[in-house]
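So you can see what is in the structure, the chains are spelled out below.
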Amino acid sequence: MPEIRLDKFLAGQLPDVSRTGAKELLKKGLVTVDGETVKRYDHKLDPEKAVVAVSEKVISYREHLYIMLNKPAGVVCAVRDKLTPTVMELLPPELRRPGLFPAGRLDKDSVGFVLLTDDGELAHRMLSPSSHVPKRYFVRLEKPVSDDAPELFRSGMTIDEDEKCLPAELEICGCDSSSDHNMECFVTLHEGKFHQIKRMFEATGNSVVYLRRVRIGGVTLDDKLSEGEVRLLEENEIKSLISY
């Protein structure tokens, strides 16, 4: 891996520390590299091999962060917003770093899995229409799923008269037509049109009253995460996303 400057390393790995803040830490003699105090901000190092510590606390290097958020309702998928709380404001201080953003969106009133990362290449692949990364949602409806809805979804339905959707999977939770469970289902999309699931059900004469994203690619939302909580993805989960 190419060597990088020490101030860049510190600013990239420490939450809420800018390049200027990193230089201040160096001036105060608080930074060691491989056990030796370093004060030069332009000191070069291999971030994967060097042992860097600030005030004797070792800084574990991560080239990119991949964070699973269980998004609550009322929060928007944006880096900043003047009127509404954003998903970025839910991050604990230790996971904040410059360049993080939500890779994809959920509506303000929808909940569930949002991926936050600073890996632009991965995000581009995930969001590219040609990638077709599957995303799975739990949906609660105003009325029972119509008999023809599963086939309409499977065949690639047209919404708003002229907008063609890719084939999608619709799985009804209940098997008894009189059961309330027939108002609950799972939908798997391979694209991400604006308000797509809501518009697809509206085309069948139904309305979505609750929507929760439960999976992105091969990574399932951790059921131990309460709404508003986050955790880092594990190595196998990162590999699963990168493989798409």
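Everything discussed here concerns the structure shown above.
One numbering rule holds for all chains: residues counted from 1, following each sequence as written. Owing to the predicted nature of the model, reporting of local features is limited to residues with pLDDT of at least 70; listing and counting of side-chain atom pairs is limited to 80 or more, with chain, interface and lining totals taken over all residues. For the side-chain quantities, the full set of heavy atoms in the structure was used; hydrogens and water were omitted.

1. A few points about the pairing of strand S9 (residues 111-117)
(1) Moving on: Classification of residues uses two cut-offs on accessible area relative to the type maximum, computed with a 1.4 Å probe and protein chains only: under 20% is buried, over 50% is exposed, and between them is partly exposed. Secondary structure counts use DSSP, requiring at least four H or I residues in a row for a helix and at least two E residues in a row for a strand, with both numbered from the N terminus. Counting buried residues along S9, seven of its seven residues qualify, which places the element largely inside the surrounding structure.
(2) Moving on: At least two DSSP bridges between two strands are required for those strands to pair. Relative to S9, strand S7 (residues 66-71) runs antiparallel, the two being bridged by six bridges. Pairing of Met68 across the sheet is with Leu115, part of S9.
(3) Moving on: Relative to S9, strand S8 (residues 101-102) runs antiparallel, the two being bridged by two bridges. If you follow Pro102 over to S9, its bridge partner there is Leu116.
(4) Moving on: The pairing of S9 with strand S15 (residues 208-216) spans two bridges and is classified as parallel. Residue pairing for S15: Gly112 is matched across the bridge by Arg213.

2. Digging into the sheet that holds strand S5 (residues 52-54)
(1) Moving on: Read across the open sheet, the four strands follow the order S3-S2-S5-S6; overall the sheet is antiparallel. Of all strands in the sheet, those with a lone pairing partner are strand S3 (36-37) and strand S6 (57-58), marking the two edges.
(2) Moving on: Note: strand S2 (residues 31-33) against S3, two bridges, orientation antiparallel. Residue pairing across strands places Thr32 opposite Thr37, the latter belonging to S3.
(3) Moving on: In this fold helix H1 (residues 6-13) packs onto S2 and S5, with an angle of close to 65 degrees to the strand it touches most, S5. The contact criterion used is simple: two residues touch if any of their non-hydrogen atoms lie within 4.5 Å. Helix axes use the C-alpha atoms of the stretch in contact, all axes being lines fitted to C-alpha atoms, and the angles between their N-to-C directions lie in the range 0 to 180 degrees.

3. What about the packing of aromatic side chains?
(1) Moving on: Centre distance within 6.5 Å is the pairing criterion for rings of Phe, Tyr and Trp, where only the six-membered ring of Trp is used; planes under 30 degrees apart are then read as stacked, over 60 as edge-to-face, and the remainder as tilted. Counting across every chain of the model gives four aromatic pairs.
(2) Moving on: Each ring, one from Phe138 and one from Tyr210, has its centre 6.2 Å from the other, and the planes form 65 degrees; the classification is edge-to-face. Linking Phe138 in strand S10 (residues 135-141) with Tyr210 in strand S15, this pair joins segments that are 72 residues apart in sequence.
(3) Moving on: A relative accessible area of 26% means that Tyr210 is categorised as partly exposed.
(4) Moving on: Centre to centre, the rings of Phe153 and Phe201 are 5.0 Å apart; their planes meet at 50 degrees, and the pair counts as tilted. Here the residue Phe153 occupies a position in helix H4 (residues 149-155), and Phe201 occupies one in helix H5 (residues 196-203), the gap between them amounting to 48 residues.
(5) Moving on: Given a relative accessible area of 0%, Phe153 falls into the buried group.

4. Looking at the nonpolar core
(1) Moving on: Here, the term nonpolar core denotes a set of buried Ala, Val, Leu, Ile, Met, Phe, Trp, Tyr and Cys residues that are joined through side-chain atoms within 4.5 Å. In this structure, Val139, Val187, Ile197 and Phe201 are the most contacted members of the largest nonpolar core, which totals 33 residues.
(2) Moving on: Looking at this core, the elements with two or more residues in it are S7, S9, S10, H4, strand S14 (184-189), H5 and S15.
(3) Moving on: If near-sequence neighbours (up to four positions away) are discounted, Ile197 is found in contact with Tyr137, Val139, Val187, Leu189, Val208 and Leu211.
(4) Moving on: Leu6, Val17, Leu25 and Val33 belong to the second-largest nonpolar core, a separate cluster that totals 17 residues.

5. Quick look at the side chain of Asp222
(1) Moving on: Secondary-structure assignment places Asp222 in the loop between strand S16 (219-220) and strand S17 (230-232).
(2) Moving on: Look at Asp222 and you get buried, because its relative accessible area is 16%.
(3) Moving on: For Asp222, the side chain forms a polar contact with the main-chain nitrogen of Lys224, separated by 2.8 Å.
(4) Moving on: Beyond its immediate stretch of four places on either side in the chain, Asp222 contacts Met68 and Arg231. Whenever a nitrogen or oxygen atom comes within 3.5 Å of another N or O atom, the pair is scored as a polar contact, on the condition that within protein one atom can donate a hydrogen and the other can accept it, and that pairs from neighbouring residues in sequence are kept only if both atoms are in side chains.

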